[in-house]
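Inside the fold
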Amino acid sequence: PHLQPLVAAAFPLPPILGGRRGPLPRLPSMAVSLLAPVALAAPRSGIRQLRSRPRSKCTGIGVDGIGRPNVGASNVRCLSGADARYSRATAAHRRPDWFVADGCRRHRTRAAAAATADPKLTFDQEAGGYTKAFLNVRLTVFLSILVGYSCYYLTRNSLTFTAPAMVATASLGLDITSIGVITSIFPLCYGCSKFVSGVVGDVLSPSVMLGGGLIATGLVNIAFGASSTLPLFCMLWAINGILQGFGAPSCAKILTSWFAAKERGTYWGMWNIAHNLGGFAAPILAGTAARTLGWSWGLWAPGIIALVFGSVILLTLKDSPEDRGFGPVEQTKQVVVDPAKSASENEQAVEKQPSLLQNLFQNVLSNPFIWGLAFTYFCVYVVRQGITSWSVFYLIKEKGVLDAGAAALRVSGLELGGLLGSLVAGRISDWYIATSPGGAVGKRIQVVMAYMFGVAAMLLAFQAVPAGYPITQSIIVFMIGFFLYGPQMLIGLCGAEIVGRRSVGASEGFLGWIAYLGAANAGVPLSLLVQQYGWNAFFIALLSACAVGILLLAPITGAKSHIQRSQEQA
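Now for a look at the structure at hand.

Basis of the calculations
- Residues numbered from 1 in each chain as written.
- Predicted model: local features only at pLDDT ≥ 70, side-chain atom pairs only at ≥ 80, totals over all residues.
- Heavy atoms only, no water.
- Helix = DSSP H or I, 4+ residues; strand = E, 2+ residues; numbered from the N terminus.
- Buried < 20%, exposed > 50% of the residue type's maximum accessible area, 1.4 Å probe, protein only.
- Contact = heavy atoms within 4.5 Å.
- Areas by Shrake-Rupley, 256 points an atom, 1.4 Å probe, with all protein chains shown as cover.
- Axes fitted to C-alpha atoms, helices over the stretch in contact; angles between N-to-C directions.
- Left-handed = near helix turned anticlockwise from the far one by under 90°.
- Nonpolar A, V, L, I, M, F, W, Y, C, P; charged D, E, K, R; others polar.
- 1 Å grid on protein atoms, 1.4 Å probe; cavity = no way out; pocket = protein on both sides within 12 Å on 5 of 7 lines; lining within 4 Å.
- Points joined across faces, edges and corners; volume = space filled by probe spheres on them.
- Parallel < 35°, antiparallel > 145°, perpendicular 65-115°, else oblique.
- Salt bridge = Lys/Arg side-chain N within 4 Å of Asp/Glu carboxyl O.
- Polar contact = N/O pair within 3.5 Å; in protein donor to acceptor, adjacent residues only side chain to side chain.
- Phe/Tyr/Trp six-rings, centres within 6.5 Å; stacked < 30°, edge-to-face > 60°.

The next subject is the overall build of the protein chain. Across its full length, the protein chain carries 24 helices and four strands. Expressed as a percentage of the 570 residues in the protein chain, the buried residues total 52%. Counting only contacts in the protein chain whose residues sit at least 6 apart along the sequence, the fraction spanning at least 24 positions is 77%. Approximately 25,300 Å² of the protein chain is accessible, and the part contributed by carbon and sulfur atoms is 67%.

Glancing now at the packing of helix H8 (residues 206–225) against helix H10 (residues 247–258). Relative orientation of the contacting elements H8 and H10 amounts to 145°, with a least axis distance of 8 Å. Classified by chirality, the crossing of H10 by H8 is left-handed. Note on element contacts: H10 touches H8 through Gly247, Ser250, Cys251, Lys253 and Ile254, opposite Pro206, Ser207, Met209 and Leu210. Along the lines of polarity and charge, the residues of the contact of H8 with H10 split into five nonpolar, three polar and one charged.

Once rolled over the atoms, a probe with the size of a water molecule shows which space is left empty. By the definition in use, this model includes three cavities of 30 Å³ or more. Approximately 200 Å³ is the volume attributed to the largest cavity. What lines the largest cavity is a set of 20 residues, and nearest its centre among them are Lys194, Ala248, Trp271, His275 and Tyr377. Looking at the lining of the largest cavity, the elements with two or more residues in it are helix H6 (132–168), helix H7 (176–200), H10, helix H11 (261–272), helix H16 (368–398), helix H20 (470–499) and helix H21 (504–521). Tallied by class, residues from the lining of the largest cavity come to eleven nonpolar, five polar and four charged.

The next thing to look at is the packing of H6 against H7. Put simply, H6 and H7 touch, their axes get as near as 9 Å, and they point 165° apart. One finds that H6 runs roughly antiparallel with respect to H7. Handedness of the H6/H7 crossing: left-handed. Facing H6, whose interface residues are Tyr149, Arg156, Leu159, Ala163 and Val167, H7 presents Ile176, Ile179, Ile182, Thr183, Phe186 and Tyr190. Grouping the amino acids of the contact of H6 with H7 by side-chain chemistry returns nine nonpolar, one polar and one charged.

Another point: the pattern of salt bridges. Taken as a whole, this structure holds four salt bridges when the rule is applied. Taking the shortest distance from any N to any O, the salt bridge between glutamate 497 and arginine 264 comes out at 3.1 Å. Of the two residues, glutamate 497 sits in helix H20 while arginine 264 sits in helix H11, which places them 233 residues apart along the sequence. For glutamate 497, a relative accessible area of 3% gives the class buried. Residue aspartate 430 pairs with arginine 444 through a salt bridge whose shortest N-O separation is 3.0 Å. With a gap of 14 residues between them, aspartate 430 in helix H18 (residues 413–435) and arginine 444 in helix H19 (residues 440–464) connect regions that are remote in the sequence. Classification of aspartate 430 by relative accessible area gives buried; the value is 4%. Connected through salt bridges with shared partners, the residues Arg264, Asp430, Arg444 and Glu497 form a single ionic network.

Time to look at the side chain of serine 391. Structurally, the position occupied by serine 391 is in helix H16. Of the polar contacts made by the side chain of serine 391, one reaches the backbone oxygen of isoleucine 387; its length is 2.7 Å. In this view, serine 391 contacts Gly386, Val411 and Phe462; residues no more than four positions away in its chain are not counted.

With that settled, consider the environment of lysine 399. Checked against the element boundaries, lysine 399 lands in the loop between H16 and helix H17 (404–410). Residues lysine 399 and valine 465, 66 residues apart in the sequence, show an inter-C-alpha distance of 9.0 Å. With sequence-adjacent residues up to four places away left out, lysine 399 is seen in contact with Tyr394, Phe462, Gln463, Ala464, Val465, Ala467 and Gln473. Within the structure, lysine 399 has its side chain in polar contact with the backbone oxygen of glutamine 463 (distance 3.0 Å).

Here we take up the packing of aromatic side chains. For any two aromatic rings, the description comes down to two numbers: the centre-to-centre distance and the angle of the planes. The tally for this structure, following the rule as stated, stands at 35 aromatic pairs. With centroids separated by 5.2 Å and ring planes inclined at 35°, the aromatic side chains of tyrosine 149 and tryptophan 271 adopt a geometry described as tilted. One end of the pair, tyrosine 149, is in helix H6; the other, tryptophan 271, is in helix H11, and 122 residues separate them in sequence. Per residue, the accessibility class of tyrosine 149 equals that of tryptophan 271, and both read buried. A network of ring pairs unites the aromatic residues Phe186, Tyr190, Phe224, Phe233, Trp237, Trp295, Tyr377, Tyr381 and Tyr516 as a single cluster.

Next comes the structure, spelled out in structure tokens:
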């Protein structure tokens, strides 16, 4: 019996005889006696390592990043730290149950052989980083979600820049009030959809949700362009709002799976510029198509582009490195089970996954840090939507700008500043985590608080700058965007990191829902405030939102990520 592992390592049997895909039969004593000299004559390095390493009992069950049991799979761990290096084979080389049950000696022999046979390695041990193959695949994944979410914004803003051509088309019988009715439905449907799709998305494939949702919203845009009545316009745009909620939670889950915490802030910030790319492309594509080819093409052109890119994403994008045959970018959760129990009993214990509602309440809503982030998100979106909606009116009424075109030119740098601010915020937070000890989420929260102070300072400057300084006003608006979009990006990232991969969708959906409630309160409530008390009250409200957001974040400046908490408990 003691020679069984050595014989198995030296002479791997074909599947039909009980090789890699089947249980290894007990070899007769005579067969072992005949094969043993040949097995012992094989390269001795693995055998010497086997003899010299401390023996330990195998835990038997590993759990991947989303909680699925891998009994006898490649991520089986031994209790001794020295044995962890023998468990690097990918999940594609699944081990039979006999391999787990018969102890760590056989576990080490087979795992080491599989590790050397697997060509898809995530990490280059010699260079100390990722392998070139993994980086190439990950780049395509990142570009897919960047372009995909930009297309979501393209189909979201298509109506905004097509509406003037629709009003000018006499056969439709629409006016500005009709357009307002259509557009007012969208944020309500979008906020609710973002919450629901985030919760449901934790059990669905994020790549399917991202690509399928993009195809569906493209079809809705095409159907909208072929319609001609107000009730049908309202119904289709409400459906578009529901479908738009599929985008952000799906991208958040894919980013969390493909990028480790030490680099996630940088790439999350780079992905966040999809907002700006889509917002930049919408007036060029939809507006130009509507003016030159007719209002229907203002929706058909974005819809066709969404169909093309959605199909590509659906066919090529993978949810995680494991789905492409690579190992995870971060240490996965390890479960130690009772060796006295059978493998099937241990597997049944691990398979008890929480339901959708249990996941939402236990991992998201019961976390006080999530509530602090959510109400801060509310405040951030009050400021963002307030500046976006009312800055043009403020310049005309209070600063003496002659027309809306000149005022729009002065505030046009808001999105550009937001693009740069998102990139810098992500990079700074990654650098801060890498260079100082403490909770990773808390480090990002401290960056958010610094940015909020910057927003408040720029709001005061925007109010104080005289009317005769248009360049200064433009620079201040650029800086407002710079400081405002950093917290918008980082709060979503903190919400994803604080709950772990299993609950990223629910966390992002809940935070997004609360954020759009804040955006809704920046519409009518702020307009009534300006009408009753003037523009000074408007700025007091925005500054108060900044102060409340900073106070809400103060208690969680030491928060740790889910990965850090899991490592401490291990």
